[in-house]
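Chain by chain, the residues run as shown.
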Amino acid sequence: MAAARIIMGIDPGLAHTGWGVVRQKGASLSCVAYGCVATQSTMPLHERLAKIYAQISAVVLRYKPECVAVETVWFGSNAQSAFATGQARGAALTACGQASMTLAEYSPSQIKLAVVGAGSADKGQVQYMVQQLLGLERIPSPDHAADALAAAICYTTHSVSWERGAAQ
């Protein structure tokens, strides 16, 4: 009998932090739930971060994932945006850390490679493959939730040690 585990993926952002929960049983993947924490730019920063922390904590409490995959922050040319994303990422990871979850971090290109097979895949290709790999009726929306599910799928392709342990 194949072991099962629950994996959470997070696509961090100050305005939108996507989350997705995937169940893996052997080589089979299924979507448990997904969503997005949205904060308004008019809210004070500490309230936005508190909302991300509280809602991710609630997801962790409800679905009890064992591990979390989070997308790394892409700096690009906008350092201020990257800093805000890093703060949101910290709030989400604090919620996961309090639950003692195993953490893995993946770059956007690693996630795209794991889900689509090409590290330069566009957002539409990632969303379509998430739908296909999880057997969903429609593409997950919003796109931040689809990206979070993609991070969770990436975790399953990179966790060889678990697969060896589960097969015994």
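The structure we're discussing is the one just above.
None of these values were measured; they are calculated from a predicted model.

About the thresholds
Residues numbered from 1 in each chain as written. Predicted model: local features only at pLDDT ≥ 70, side-chain atom pairs only at ≥ 80, totals over all residues. Heavy atoms only, no water. Helix = DSSP H or I, 4+ residues; strand = E, 2+ residues; numbered from the N terminus. Buried < 20%, exposed > 50% of the residue type's maximum accessible area, 1.4 Å probe, protein only. Contact = heavy atoms within 4.5 Å. Axes fitted to C-alpha atoms, helices over the stretch in contact; angles between N-to-C directions. Parallel < 35°, antiparallel > 145°, perpendicular 65-115°, else oblique. Nonpolar A, V, L, I, M, F, W, Y, C, P; charged D, E, K, R; others polar. Pairing = 2+ DSSP bridges.

Please explain the environment of Asp143 as it appears in this structure.
Among the structural elements, Asp143 can be located in helix H5 (residues 143-158). Classification of Asp143 by relative accessible area gives partly exposed; the value is 26%. Sequence separation between Asp143 and Lys123 is 20 residues; the distance between their C-alpha atoms is 8.1 Å. Setting aside its immediate chain neighbours within four residues, Asp143 contacts Lys123 and Gln127.

Is there a simple way to think about the packing of helix H3 (residues 108-116) against H5 in this case?
For any two helices packed against each other, the geometry comes down to the angle between their axes and how far apart the axes lie. For the pair H3 and H5, the least separation of the axes is 8 Å and the interaxial angle reads 75°. Comparing the axis directions of H3 and H5 gives the class roughly perpendicular. Packed against H3, whose contacting residues are Gln110, Ile111, Ala114 and Val115, the element H5 presents Ala150, Ala151, Ile153, Cys154, Thr157 and His158 at the interface. When grouped by side-chain class, the residues that make up the contact of H3 with H5 number seven nonpolar, three polar and no charged.

Would you mind going over the pairing of strand E1 (residues 4-11) with me for this structure?
Taking burial as the measure, the eight residues of E1 include seven buried ones, the bulk of the element. As defined by bridge partners, E1 adjoins strand E2 (residues 16-25) across eight bridges and the pair is classed as antiparallel. Within E2, the residue paired with Ile6 across the bridge is Arg23. The loop that links E1 with its antiparallel partner E2 comprises four residues. Pairing geometry for E1 and strand E4 (residues 67-71), over four bridges, is parallel. Residue pairing in the sheet places Ile10 in a bridge with Val70 of E4.

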